[in-house]
Amino acid sequence: MDEVAEEIVPVLRVADAGLAVEWWGRLGFAKVWEHRFEPGFPAFVEVVRGRVKVFLGRAPDMLLLLRGLPS
């Protein structure tokens, strides 16, 4: 059986992703990407500092994301 490295990325609900990115930037995080599910929808972004990743957006039902990564 092949082993898969796993990664847990917390998804934090924020009212304004732009302001949240600025706040996380003061902690040394940088925005990696931004996505909008439809034009005019709120942004969903990833911020990273080293190996630590956090997703920020208005996803009320999602608390964390578990991803399988190639080892």
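Below: a short report on this structure. (Residues numbered from 1 in each chain as written. Predicted model: local features only at pLDDT ≥ 70, side-chain atom pairs only at ≥ 80, totals over all residues. Heavy atoms only, no water.)

Scanning the model with the defined rule gives six aromatic pairs in all. Relative to Phe55, the ring of Trp33 has its centre 5.5 Å away and its plane inclined at 55°; by these criteria the two rings are tilted. Taken together, the positions of Trp33 in strand 2 (residues 30-35) and Phe55 in strand 4 (residues 52-57) put the pair 22 residues apart, joining distant regions of the chain. With a relative accessible area of 31%, Trp33 lands in the partly exposed category. With centroids separated by 6.0 Å and ring planes inclined at 55°, the aromatic side chains of Phe37 and Phe44 adopt a geometry described as tilted. For Phe37, a relative accessible area of 56% gives the class exposed. What links up through ring pairs into an aromatic cluster is the set Trp33, Phe37, Phe44 and Phe55. (Phe/Tyr/Trp six-rings, centres within 6.5 Å; stacked < 30°, edge-to-face > 60°. Helix = DSSP H or I, 4+ residues; strand = E, 2+ residues; numbered from the N terminus. Buried < 20%, exposed > 50% of the residue type's maximum accessible area, 1.4 Å probe, protein only.)

The next thing to look at is the pattern of salt bridges. Oppositely charged side chains may form a pair once their charged atoms are brought near each other. Counting across every chain of the model gives three salt bridges. We note a salt bridge from Lys31 to Glu34, for which the minimum N-O separation is 2.9 Å. We classify Glu34 as partly exposed; its relative accessible area is 39%. The closest approach of N and O atoms between Arg36 and Glu34, which form a salt bridge, is 3.3 Å. For Arg36, a relative accessible area of 43% corresponds to the partly exposed category. Each of Lys31, Glu34 and Arg36 takes part in a single network of salt bridges with overlapping partners. (Salt bridge = Lys/Arg side-chain N within 4 Å of Asp/Glu carboxyl O.)

Bringing the side chain of Glu46 into the picture now. Tracing the backbone shows Glu46 in strand 3 (residues 44-49). The charged side chain of Glu46 is buried without a salt bridge, its nearest counter-charge being Lys53 at 4.2 Å. A distance of 2.4 Å separates a polar atom in the side chain of Glu46 from a polar atom in the side chain of Trp33. (Lys, Arg positive; Asp, Glu negative; His and termini not counted. Polar contact = N/O pair within 3.5 Å; in protein donor to acceptor, adjacent residues only side chain to side chain.)

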